[in-house]
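The residues making up each chain are set out below.
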4 protein chains.
Amino acid sequence: MQLEKKPIEDIQARKDYRNISIDRVGVCDLKIPLNIKGCETDSGKGQSVQASLSLSVNLGPDQKGIHMSRLLETALDFNGSFSLENMASFLTALRDRQNSEDSDVKIEFDYFFNRHAPVSGKISPQPYKCAYNGQMHSDGILLTQSVVVPVKTLCPCSKEISDYGAHNQRSKVFISVNHEKKKEHQAIDICLEEIIEIAERGGSSPLYPLLKREDERHVTMSAYNKPCFVEDVVRNIASDLQENPNFDSYELRVLNYESIHSHNAFATIGKRSPTT
Amino acid sequence: MQLEKKPIEDIQARKDYRNISIDRVGVCDLKIPLNIKGCETDSGKGQSVQASLSLSVNLGPDQKGIHMSRLLETALDFNGSFSLENMASFLTALRDRQNSEDSDVKIEFDYFFNRHAPVSGKISPQPYKCAYNGQMHSDGILLTQSVVVPVKTLCPCSKEISDYGAHNQRSKVFISVNHEKKKEHQAIDICLEEIIEIAERGGSSPLYPLLKREDERHVTMSAYNKPCFVEDVVRNIASDLQENPNFDSYELRVLNYESIHSHNAFATIGKRSPTT
Amino acid sequence: MQLEKKPIEDIQARKDYRNISIDRVGVCDLKIPLNIKGCETDSGKGQSVQASLSLSVNLGPDQKGIHMSRLLETALDFNGSFSLENMASFLTALRDRQNSEDSDVKIEFDYFFNRHAPVSGKISPQPYKCAYNGQMHSDGILLTQSVVVPVKTLCPCSKEISDYGAHNQRSKVFISVNHEKKKEHQAIDICLEEIIEIAERGGSSPLYPLLKREDERHVTMSAYNKPCFVEDVVRNIASDLQENPNFDSYELRVLNYESIHSHNAFATIGKRSPTT
Amino acid sequence: MQLEKKPIEDIQARKDYRNISIDRVGVCDLKIPLNIKGCETDSGKGQSVQASLSLSVNLGPDQKGIHMSRLLETALDFNGSFSLENMASFLTALRDRQNSEDSDVKIEFDYFFNRHAPVSGKISPQPYKCAYNGQMHSDGILLTQSVVVPVKTLCPCSKEISDYGAHNQRSKVFISVNHEKKKEHQAIDICLEEIIEIAERGGSSPLYPLLKREDERHVTMSAYNKPCFVEDVVRNIASDLQENPNFDSYELRVLNYESIHSHNAFATIGKRSPTT
């Protein structure tokens, strides 16, 4: 079988006559092992993660297609080491290899931070779904850090109207913070762990992988002492973010897996800028 | 373009020489609108559901393939009306159109039962994931009814060790009950709603779509008065099923979406027969 | 046990002092059985679906919480019958029962349209994930119809560079069309099935639940005769939508489940208005 | 607030009077970072993965509950390094800390193996979903290795009946191989990569993350030259496994994401032993 002899034309480089530009073309759900730095401001050496990537560029109205395999080659050239600080050079490399004007990268990964049980002090690693997004346009680069933080919420209404007890549940906080018009190697002044801690302060209690009996007592009573509606969580976190000068804007969503219903409750705040 | 003229051979009917029989071949994730009866014992006319079907047969060692499109045709011939009572004739039709010995049907669907809020009496429809499975072998038919029932669980340890409050959460109960060697049109003496009610009695409290303030007070305090470990839920339900003469065996799994952890807790009882 | 006697205060109506408004608060993942009209312009009586609802309103800076149970009561009052034509009155009812300015409804459901196999003419029901979204603001109502349409795509590059064959795969088209500042009972001039047919024309071939051998021959050869990159699909559909005067703007995403990779390819066009 | 002073009873150790034993109780969906060895037989140092664990034991009829936090402590004591060789000591530790007879561990993780593009030789890492399962009973230990391998399948019927082209798609192969009554530190004579390669030989073509144009030509034509029904894939792989003396039994499932339908096709072979 002769499989390799035919001269091979570059179909993607052909001209397209429909005169329709495309905002983003690329690959997604591309899993690769990476080293990620969760905190730019610390001296840490990062963490081995198994990331899912979305890599794309814009396509002008007169070219038939992009060269998908070059997106992967560009990612593999970076040799598995990513941070917000080298995002700009990655975006530039992606864009230049396609002769595009814009490029867009989303890196989603689980990041583990150690949590100390509140009484016993026992340490266990808690995973957080995180994402870095970089978008390069003619007028600069937009960087976004996103985290999903599970917390406990205890219902203020249930507590108030009942002689004892209060329904509570697992909730999820989704926070994105945006940094506009960043330059290459420019430091980001907030790290994933700081954003996570803002989220954890916003609910009735943080979650922990490992809790001994004295810790469970503490978490139970602490949550009872700090009841939060889904509206309260979103406001607690927004209050904290409003005072934070280390990013340009934020977006916020809280989801309660209600323990008295099989549907969920939510609250969202769209793109908003800190007041400082 | 002449697309339709070639004489078309039946490739699937060719002989296979590898001498390997296949236990199940067919289609799955096939969505169709159906009318399903959730209760064979009532006089009800069933419910319009959007079901996902798995339809398969065995394949002997010397035939290359089955005729997949006939599986769909058989399902469409039944005209969208399914119950446990006509499962046997459906299994027979599937098997006979493939010249197979065995056939296997799984129908998964959401079924809604009305729930009455415990104090206000307000009515709202609650969805339950359900499944009917039928397996036809040379020695008879095995029918299985499965339900997934969300309940509330309140932790007995958290209640006992804390001065006030107790962590609680949404949990899911997975129950399957099996009916062995059933014949066509033979009635099944337990319906989906009865199994669901057994599950709901097993936790700290049922869930309800619609609760007014006085109902929320009731659910909160009722759950606090009936704390259940995941082990307790599985045992409460098993106790109930053990006394039930209306099926041949059952399987049971309970999953707690722990509100103090981001991981889950579970307990399972494998295939077990009632003691009656 | 005396569970029902305590006088019950309206906690949600209390004043909040953090001065933070919330864009959306409500419930989501609420499943209810509905009758949905997929085509406003036809005389059809709609379809029984099992929908998932998101219902929310805005919350001003000085009120502690909304009354979640009223969202459900409002939905249940509509008695299970929804269309784009009565969306405005539903949005008004939601908003007024919370004393809010804005309200937002998303209804997601599977809708079945019959597909005729291209040669045999055999009819089978194909499910499409659809959504209706309504957003009420002070300056009017925005209605959005969304569909997810599976199609087949065959790679033009693979066809061109190979002596025979071409890789092809299942793809998904996501289209949303927006209707701005609609009034109550104002007709929508495009129906779900029309949008689905625009999507199906954009790929190498539509999909069908039931295909006999002569149909499979037709689909295979038709797709080979109409190769499409992910870029081509997005442009084919955008060309069609650009000429369509029956909505105000559209958004478009195509996803290819590449059969030569375990990652996916995609192309998107953000909010764009027709040129007519 | 004085949260820590109450003397704390061991509720779980209380007696239960329902006389119902539980087959498995424990935690699941527990994510931790691990070092995993994919090949016991090579000299490799393993791979950093982000695993999801299920850890459970049986519970006798007269004890109220297990001590969930000890399951985590046992996992954390192993310090993040797992292989099939130390599974026995992990199972023993889990069982002994709960005074149980049985223990059960499931570790699910993505493992990356490098793939060489067939013509250009370009190297890229491909992820495979893998799992190790260990079950300790009074009569010994059962170890299971599982992999999910994406492959390409090209339909023999579509090829045969069409003048040109053939529909093809992404498929998934699920293989488990079982090792019965293993002892601690006893070597396993087959590694994940060997099982993956058996799966990849069974379809029309393997998948690759990175393919240049000459590779795409090769994959397209190779797949066209090796058409496979879902039945053929399951038989190709079973033939290979039947001759393999390095495990005691296997289970097999193949799923085709049909590119001409929106439903899927599947074939399964239940637990079967090699003939050697």
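Residues numbered from 1 in each chain as written. Chains lettered and ligands numbered in written order. Predicted model: local features only at pLDDT ≥ 70, side-chain atom pairs only at ≥ 80, totals over all residues. Heavy atoms only, no water.

Caption draft 1: Representation of the overall build of chain A within the structure. For chain A, the helix and strand inventory stands at six helices and 10 strands. With the C-alpha coordinates of chain A rotated into their principal frame, the extents come out at 80 × 40 × 35 Å. Per-residue burial over chain A gives 62% buried out of 276 residues. Considering only contacts within chain A whose residues lie at least 6 apart along the sequence, 67% involve residues at least 24 apart. Summed over all atoms, the accessible surface of chain A reaches about 10000 Å², with 46% contributed by carbon and sulfur. Charge-centre separation for chain A: the mean point of 33 positive side chains lies 4 Å from the mean point of 38 negative side chains. (Helix = DSSP H or I, 4+ residues; strand = E, 2+ residues; numbered from the N terminus. Buried < 20%, exposed > 50% of the residue type's maximum accessible area, 1.4 Å probe, protein only. Contact = heavy atoms within 4.5 Å. Areas by Shrake-Rupley, 256 points an atom, 1.4 Å probe, with all protein chains shown as cover. Lys, Arg positive; Asp, Glu negative; His and termini not counted. Charge placed at Lys NZ, Arg CZ, Asp CG, Glu CD.)

Caption draft 2: Looking closely at the interface of chain C and chain D. Between chain C and chain D, the contact holds 37 residues from the first and 37 residues from the second. Between chain C and chain D, a total of about 3200 Å² is buried, with carbon and sulfur atoms accounting for 54% of that surface. Looking at the side of chain C facing chain D, the largest losses of area belong to C:Tyr164, C:Arg170 and C:Ile260, adding up to 20% of the total buried there. On inspection of chain C and its partner chain D, the count reaches two salt bridges. (Buried area = accessible area lost by both parts, 1.4 Å probe. Salt bridge = Lys/Arg side-chain N within 4 Å of Asp/Glu carboxyl O.)

Caption draft 3: Layout of helix H6 (residues 230–242) of chain D. Residue and element names in this part refer to chain D. The terminal C-alpha atoms of H6, which comprises 13 residues, lie 18 Å apart, in line with the 18 Å expected from a rise of 1.5 Å per residue. When you tally the buried positions in H6, you get 10 out of 13 residues, the bulk of the element. Every buried residue of H6 is listed here: Val230, Glu231, Asp232, Val233, Val234, Arg235, Ile237, Ala238, Leu241 and Gln242. (Expected span 1.5 Å × (residues − 1).)

Caption draft 4: Structural context of the environment of A:Val230. Residues and elements named next belong to chain A. Structurally, valine 230 can be placed in helix H6 (residues 230–242). Classification of valine 230 as buried rests on a relative accessible area of 3%. For valine 230 and threonine 153, which are 77 residues apart along the polypeptide, the C-alpha to C-alpha distance reads 7.8 Å.

Caption draft 5: Up close: the interface of chain A and chain C. Each side of the interface is counted separately: chain A has 61 residues, and chain C has 61 residues. The tally of links from chain A across to chain C stands at 10 salt bridges. Notably, a salt bridge pairs C:Arg272 with A:Asp23, separated by 3.4 Å at the nearest N-O pair. Joining chain A to chain C, the criterion identifies 34 residue pairs in polar contact (both at pLDDT 80 or more). Of all the secondary structure elements, the ones that give two or more residues to the side of chain A that touches chain C are strand S1 (22–36), strand S2 (47–59), helix H1 (68–77), helix H3 (156–161), H6, strand S9 (249–256) and strand S10 (264–272) of chain A. Among the elements that take part in the side of chain A that touches chain C, S1(A) stands out by supplying nine residues, more than any other. Grouping the constituent residues of the side of chain A that touches chain C by class yields 28 nonpolar, 17 polar and 16 charged. (Polar contact = N/O pair within 3.5 Å; in protein donor to acceptor, adjacent residues only side chain to side chain. Nonpolar A, V, L, I, M, F, W, Y, C, P; charged D, E, K, R; others polar.)

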